[in-house]
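Structural overview
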Amino acid sequence: MGFFITFEGPDGSGKSTASTGVYEKLLENGYDAIYTREPGGIDISEQIRKVILDPKNISMDAKTEALLYAASRRQHLVEKIIPALNEGKIVICDRFIDSSLAYQGYARGLGIEEVYKINKFAIGDYLPMKTLFLNVDAKTGLDRISNRKNKDRLDQEELSFHNDVFDGYQKVIEMYKDRMIIIDATKSEEEVIDMCYQEVIKIVNG
Ligand code: TMP
């Protein structure tokens with residue numbers, strides 16, 4: 001069995017840069033790792049990602065959104081994550097269930113418990129071993145992505161939504177204290193990658 005490690009954080013927390021940076025360092029140092037992301041990671045899930053994030057889909061109902069994320073997660077898990085774990089690999093995954101709990105469960109107001117239930121159906125017992133939470137407040141995160149050209153449907157939400165996402169994450173961190181590692185994501189890109197890499201190495205080397 002490999003190591004299932006996820007990266008979480010608000011939009012603009014630098015999570016994608018940190019997770020790909022860690023993945024590259026793992027490879028450079030001879031570790032057997034894969035990098036993947038949600039929503040997406042494989043063809044069917046990338047197709048679902050397009051539907052969820054298309055700025056045209058403003059009429060999407062919050063439960064539909066939660067179900068689509070869970071559906072995308074299911075396919076990604078069975079097609080990519082489980083096989084890699086069974087081969088003993090380190091799986092670095094940019095977002096997973098905690099994003100649904102914070103964004104759909106808390107910020108969209110569906111309820112963390114309700115969203116957990118549909119995700120439990122989708123993932124069974126496959127929770128991450130450890131989760132690195134890139135800690136940065138919503139305003140700082142949004143400022144960082146403010147000059148992104150192609151803002152997706154969720155990037156376009158108001159600051160109040162992103163503040164709720166941040167608060168939702170705090171609740172999720174409280175629920176899963178033992179799994180969560182908090183990273184100060186206000187530091188430079190290089191420092192953040194380095195801190196995350198050190199944490200991942202600790203997990204892998206026990
Ligand atoms: P990304 O910007 O990290 O690629 O993620 C796309 C957006 O999808 C981001 O705004 C967070 C959101 N999201 C959810 O709302 N729920 C989820 O379960 C996941 C995986 C992402």
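Structure: see above.
Residues numbered from 1 in each chain as written. Predicted model: local features only at pLDDT ≥ 70, side-chain atom pairs only at ≥ 80, totals over all residues. Heavy atoms only, no water.

1. Quick word on the state of the cysteines
Test applied: The term disulfide is used for any two cysteine sulfur atoms that are within 2.5 Å.
One pass over the full model with this rule turns up zero disulfides. As a non-bridged cysteine, Cys 93 has Cys 196 as the owner of its nearest cysteine sulfur, 14 Å distant.

2. A few points about the site of the ligand
We apply this condition: Any residue with at least one heavy atom within 4 Å of a molecule or strand is counted as near it. Within 3.5 Å is the distance limit for a polar contact, defined as a pair of N or O atoms, with the added protein rule that one can donate a hydrogen and the other accept it, and that residues adjacent in sequence qualify only through two side-chain atoms. Residue exposure ignores everything except the shown protein chains as possible cover, and the areas themselves are Shrake-Rupley values with a 1.4 Å probe. Note on conventions: DSSP H or I runs of at least 4 residues are helices, E runs of at least 2 residues are strands, and numbering of each starts at the N terminus. Charged means Asp, Glu, Lys or Arg here, nonpolar means Ala, Val, Leu, Ile, Met, Phe, Trp, Tyr, Cys or Pro, and polar covers whatever is left, Gly included.
Inspection of the region around the ligand gives 14 residues, with Tyr 69, Arg 73, Arg 95, Ser 100 and Gln 104 positioned closest. Within the contact set of the ligand, an oxygen atom lies 2.7 Å away from a side-chain nitrogen or oxygen of Arg 95. Coverage of the ligand by the protein amounts to 95% of the 480 Å² it exposes when considered alone. For the shell around the ligand, the elements supplying multiple residues, two or more each, are α2 (43–53), α3 (62–86) and α4 (97–107). Counting residues per element, the shell around the ligand draws most heavily on α4, at four residues. Its residues assigned to classes, the shell around the ligand comprises five nonpolar, three polar and six charged.

3. Considerations on the packing of α4 against helix α7 (residues 159–175)
Relative placement of two packed helices is described by the angle separating their axes and the distance separating the axes. Definition in use: Angular values range over 0 to 180 degrees, each being the angle between N-to-C directions of two axes fitted as lines to C-alpha atoms, with helices fitted over their stretch in contact. Roughly parallel here means an angle under 35 degrees, roughly antiparallel means over 145, roughly perpendicular means 65 to 115, and every remaining angle is called oblique. By definition, turning the near helix anticlockwise from the far helix through less than a right angle yields a left-handed crossing, and turning it clockwise yields a right-handed one. The contact criterion used is simple: two residues touch if any of their non-hydrogen atoms lie within 4.5 Å.
Packing of α4 against α7 leaves a shortest axis separation of 8 Å and a crossing angle of 125°. As judged from the angle between their axes, α4 and α7 are oblique. You can see that α4 and α7 cross each other, and the crossing is right-handed. Contact with α4, carried on its side by Asp 98, Ser 99, Leu 101, Ala 102, Tyr 103, Tyr 106 and Ala 107, involves Phe 161, Asp 164, Val 165, Asp 167, Gly 168, Tyr 169, Lys 171 and Val 172 of α7 and no other residues of that element. The residue makeup of the contact of α4 with α7, split by class, is nine nonpolar, two polar and four charged.

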